[in-house]
Amino acid sequence: MIALDIQHVRMNQHAVDKAQALQCLVNILVEDQLVTPEYLQGLTAREQQSATYLGQGIAIPHGTPQSRQYILETGVRLAHFPEGVVWDGENKIYLAVVIAAKSDEHLQVLQILTRALIDDVSEQVKNAQSAEQIIELLHAQPPSLALHENLIATQVAAEDVEDLIWHGTQLLKQQKLVECGFLSALNPKHMIHLGEGIWSITANQHVLSPAVSIIKSEQPIRHQDKELSSLLCVASNDQLDMPQFNRLMDILFDPAQLSKIHQEQNSHQIAQLIGAEVIPDWPARKIILANAHGLHARPATQLVNITKNFQGEIQVAADDGAFVSAKSLTKLLSIGCRRGQTLTFIAEPETDAVAGLDAVIQAVKDGLGEEVEPIDEHTAPVAQVPEVLTFEQPNDGNNKGIAASAGLAFGPAHVVKPREFQYDRFGHSLKQENERLDIAIRQVKNSIRQFIAQTQSSAIKQIFLAHLEMLDDPDLIQNVKRGLKQNLSAAAAWHDYIESAAKAQEALKDRLLAERAADLRDIGERVLAVLCGAPEISEPEQPYILIMHDVGPSDVARLNKDRVAGILTAVGGASAHSAIVARALGIPAVVGAGADVLNIDSNTTVLINGDNGEFVIEPEQSLIDHAMAERAKQQQLRTEAEQHCLDAAITLDQHHVEIAANIGKVQATAQAVKYGAEAIGLLRTELVFMSHNSAPNEATQEADYRVVLDALAGRPLVVRTLDVGGDKPLPYLPLAPEENPFLGVRGIRLTLRKPELLRQQLAALLKAADNRPLRIMFPMIGRVEEWRAAKAILDEVRAEYPCDNLQVGVMIEVPAAALLTPILAQEVDFFSIGTNDLTQYTMAIDRGHPLLSAEADGLHPSVLLLIDQAVRSAHQYGKWVGICGELAADPKAVPVLLGLGVDELSMSSASIPLVKAQIRTLNYAHCQQLAQQALRCESALAVRDLVE
Ligand code: PEP
Ligand code: MG
């Protein structure tokens, strides 16, 4: 973090011209060991591109990207030139803030400077007598209070006061007004009731700039025996503009105003009622900034020059921040926009600025004088395509991905990816465009109604009924029609609004809202397709191969098992959650097949083999026949296995292994039992949490867990406490972004930091148990202390909610825990080995890595050695060991795991019948010999060959 410091100011510097001044600045940087002398070339080259005059007698010289090689350490120095130096031909500078920044840290400096430069300080800069004066001048910030429409959210789904506080903090955080720690500084006990269900809560720690956010709950909730419908989150510090704050308070203490605010649901209206800044209802255009170093001085200057070509006002905001004039360099710099952030430009209606937005957007797209690498707005950055797919066998149509879910499938390709449409930006006549829009919407609504009438699935019906409702939303129609009035074509007005509405939804990072963004885009695309005369891409009639970039756990609801014959994805690994989803549904899947699969033409026949990861585009009929004969054989085996799935898994020499199911939805328990599960061996509670739109409270959780225990009818339930983090974020549980989330605050590391959350979950579990067999285990245990801390919390909860039939264990997923099983085994009741993570952490390969995950094989001897260690430790102390990672259902792994002495195998329900059938063909004594040999192998491949 760059800071402006008194020690870094050099007073009384002298230079006759700019060249001498630059030399003087480099000398200072060299003296302080921030750069080597060659940095002068960078400073000079940069000034030749365009002068770094900022305004108010200040310049910000800095090097070019090429001269970063001469920077030893990031830093900034200030030099005061009392006589002044002519900087850009006409302006003299008295202060140079010279920056040596290895990346884009200089944007922070610009933000600090521009805040100071809102007032006219040029005389004070010129006449400054001391370093203290200069720093004070630059740091001086006018009193402030951010109070604007973007800080107001209505209709927020909240179950309790903590939900509201969290949402209030999120709004402030998104606008960088508060930092991490603010949330915990807000104490619900100190909330003040203003009247009419409106409360306020204040904190003055971790505040970056004073602000107020307002959250209105969808449903009033109870707090301290009173109604709570709206919450004001006040972030206060000594820069708080008291007169402005008092004006707000006067409004809020006026009962008449308070009652109006209470009744109002529109954030724009509420903003007006409380005198907050409102977002001007002006035509808007958005673009993602692609400049590598953000909107720094040079591109910002270009932007100012372009916007100044128009008489009308043009304003801009970064992401959901406040709007500033795009004609003011200092204001532009003050928004500190970085690459990847969205710039929203708005133009004063009925002026030339409206038409000017196109030129502005184009200029930003072109890089504002810099070379830019465009950001694809539709797809997240993806890893490189595995080369073997695209280049090795380009002509014969044979390709290979990662085998993720067993089985053969073929059918027409149904490629789901964003489509691109061509349309004119401006329309012919308002009447005509209005009519086109109405007709297109009507047409789409009719086709949705037909689809609803045909579908059998109520879940799918619900999705499309919601789409119909969206298309009827008067707000949406009104906003699009507003675009038409700005002469936009129906397609442009429709697309602009849908896209901006969808992005606004996504930005809130609320899962429910984020999902609504996908739905918005879905209807958006359908209507746009009609407007552009593009043929509708209908789902193939017969079962198809769904081709997508990736399919995540949340896509499950959208998959119709009867229509999706197989899944082929561009990214993903065998133990990524996308693959787990496919296996759970029993749909053959090949994942990580590379981005080229997205270029397969829809309706082309594709054959996939989920057993070896192969797929063939446009296979010969003979190949399809052969594959289908093979599939018939597999299905025959499966049918036979299913007939005996309720029988125990006992080897030929009478060794019994318990077979359990992994589930993520409570409703899946009955199906698991039907497939022969003797227990639930892993209830992934974070997935249960994800099925709720906001954090489920204790009662909701209790009800969920009861569903599982009831359906199990006395069979044991192994529950894993919340395992959030890694690739499983929980939208309503804010997590600070991390460089390596799989190595970060995940699983038990998170819940130990939020003990209330853990306590609540444990209480819900113990209350639901009613003395039925319950086993609770903690995920991601790496240290003995973590296990003990979690167990201590459980003991406290158990003292309140006694539970007789309880076992407590840990998941062995971190090599450290596996190695410490001799200690852990003395204290726990059982181990459940999560081989997905244990393999990922042992092999140091991301389990979802598109290139490497195939190498992260759980049959690698290093992983087997850790399993062996865990089993031996457990058995020494009479404890049991289960395997709940994907390895448990791998036919090659089953004999090895049995031979290592594992007591339980837990897998997706669909795998149970076949694994049970396989075990009935095995001999335990042979398996033991095999396992010992496997431990001595040198590679996973060698183990697989051995089993073969
Ligand atoms: C595992 O890591 O093996 C496991 C079962 O947990 P999850 O896949 O849910 O991370
Ligand atoms: Mg895991």
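Residues numbered from 1 in each chain as written. Chains lettered and ligands numbered in written order. Predicted model: local features only at pLDDT ≥ 70, side-chain atom pairs only at ≥ 80, totals over all residues. Heavy atoms only, no water.

### Things to note about the coordination of the magnesium ion (ligand 2)
Protein-derived coordination of the magnesium ion (ligand 2) comes from Glu813 (OE) and Asp837 (OD), at a distance range of 2.0 Å. Of this pair, glutamate 813 sits in the loop between β28 (806–812) and α28 (815–819) while aspartate 837 sits in helix α30 (residues 835–843), and the two are 24 residues apart along the sequence. Considered together, glutamate 813 and aspartate 837 belong to a single accessibility category, that of buried residues. (Donors = N, O, S within 2.8 Å, 3.2 Å for Na, K, Ca; no water. Helix = DSSP H or I, 4+ residues; strand = E, 2+ residues; numbered from the N terminus. Buried < 20%, exposed > 50% of the residue type's maximum accessible area, 1.4 Å probe, protein only.)

### Some thoughts on the site of ligand 1
As a structural note, the neighbourhood of ligand 1 is formed by 16 residues, with Arg684, Arg720, Gly834, Asn836 and Arg847 the closest of them. In the model, an oxygen atom of ligand 1 is placed 3.0 Å from a nitrogen or oxygen of the threonine 835 main chain. Taken by itself ligand 1 offers 290 Å² of open surface, and the protein chains cover 100% of this. By residue number, the principal contributor to the shell around ligand 1 is α30, which donates three residues. Along the lines of polarity and charge, the residues of the shell around ligand 1 split into three nonpolar, five polar and eight charged. (Near = heavy atom within 4 Å. Polar contact = N/O pair within 3.5 Å; in protein donor to acceptor, adjacent residues only side chain to side chain. Areas by Shrake-Rupley, 256 points an atom, 1.4 Å probe, with all protein chains shown as cover. Nonpolar A, V, L, I, M, F, W, Y, C, P; charged D, E, K, R; others polar.)

### Description of helix α17 (residues 474–485)
An ideal rise of 1.5 Å per residue puts 16 Å on twelve residues; α17 measures up with 16 Å between its terminal C-alpha atoms. Burial in α17 covers these residues: Leu476, Ile477, Asn479, Val480, Gly483 and Leu484. All buried residues of α17 fall inside an arc of 165° around its axis, so they share one side. For α17, the exposed residues lying more than 90 degrees away from the buried face are Pro474 and Lys485. Of the residues trailing α17, asparagine 487 is marked for its positive phi of about 70°. (Expected span 1.5 Å × (residues − 1). Arc of directions from axis to C-beta.)

### A short note on the packing of helix α32 (residues 893–900) against helix α34 (residues 924–935)
Axis separation between α32 and α34 bottoms out at 7 Å; the angle between their running directions is 95°. Comparing their axes, α34 and α32 come out roughly perpendicular. Judged by residue contacts, Pro895, Val896, Leu898, Gly899 and Leu900 of α32 engage Tyr924, Cys927, Gln928, Leu930, Ala931, Ala934 and Leu935 from α34. Here the residues of the contact of α32 with α34 sort into ten nonpolar, two polar and no charged. (Axes fitted to C-alpha atoms, helices over the stretch in contact; angles between N-to-C directions. Parallel < 35°, antiparallel > 145°, perpendicular 65-115°, else oblique. Contact = heavy atoms within 4.5 Å.)

### Section: the pattern of salt bridges
Counted by the stated rule, this structure contains 33 salt bridges. Its salt-bridge partner being glutamate 698, residue lysine 767 comes within 2.8 Å of it at the nearest N-O pair. Highlighted residues: lysine 767 in helix α26 (residues 755–769) and glutamate 698 in helix α24 (residues 698–712), separated in sequence by 69 residues. For aspartate 770, the salt bridge identified is with arginine 706, shortest N-O distance 2.8 Å. Linking aspartate 770 in the loop between α26 and β27 (774–778) with arginine 706 in helix α24, this pair joins segments that are 64 residues apart in sequence. (Salt bridge = Lys/Arg side-chain N within 4 Å of Asp/Glu carboxyl O.)

### Comments concerning the side chain of serine 832
Relative to the helices and strands, serine 832 is located in strand β29 (residues 830–833). Other than its neighbours up to four places away in sequence, serine 832 contacts Met777, Val810, Met811, Ile812, Gly882 and Cys884.

### Points about the pairing of strand β14 (residues 342–347)
Counting buried residues along β14, six of its six residues qualify, which places the element largely inside the surrounding structure. The two faces of β14 match: Thr342, Thr344 and Ile346 on one face and Leu343, Phe345 and Ala347 on the other face are all buried. Two strands pair when backbone bridges link them, and strand β11 (residues 284–288) and β14 are joined in this way by five bridges, in the antiparallel orientation. Looking across to β14, one finds that alanine 284 is bridged to isoleucine 346. (Pairing = 2+ DSSP bridges.)

### Some remarks on the sheet that holds strand β2 (residues 53–55)
Pairing is mixed across the open sheet formed by five strands, whose spatial order is β1-β4-β5-β3-β2. A single partner strand is all that each edge strand has here, and the edge strands are β1 (9–10) and β2.

### Some remarks on the sheet that holds β11
Taking strand neighbours across the sheet as the criterion, the four strands line up as β11-β14-β12-β13 in an open arrangement whose pairing is antiparallel. Only two strands of the sheet have a single neighbouring strand rather than two, namely β11 and β13 (324–325). Bridge count for strand β12 (residues 314–318) against β13 is two bridges, and the pairing is antiparallel. Residue pairing for β13: valine 316 is matched across the bridge by valine 324. Sheet strands touched by helix α13 (residues 352–365): β11, β12 and β14. Its angle to β14, the strand with the most contacts, is close to 160°.

### A short note on α13
Because each turn of an α-helix spans 3.6 residues, side chains separated by three or four positions in sequence point in the same direction. End to end, α13 covers 20 Å across 14 residues, agreeing with the expected 20 Å (1.5 Å per residue, within 8%). Of all the bends found along α13, the most pronounced is centred on aspartate 358 and spans about 30°. Every buried residue of α13 is listed here: Ala353, Val354, Gly356, Leu357, Val360, Ile361, Ala363 and Val364. In the core, the buried residues of α13 are packed alongside β11, α11 (297–307), β12 and β14. Within two residues after α13, glycine 367 carries a phi angle of roughly 100°, on the positive side. (Bend = angle between axes of the 7 residues up to and from the residue.)

Interpretation in functional terms is not warranted from these geometric data alone.
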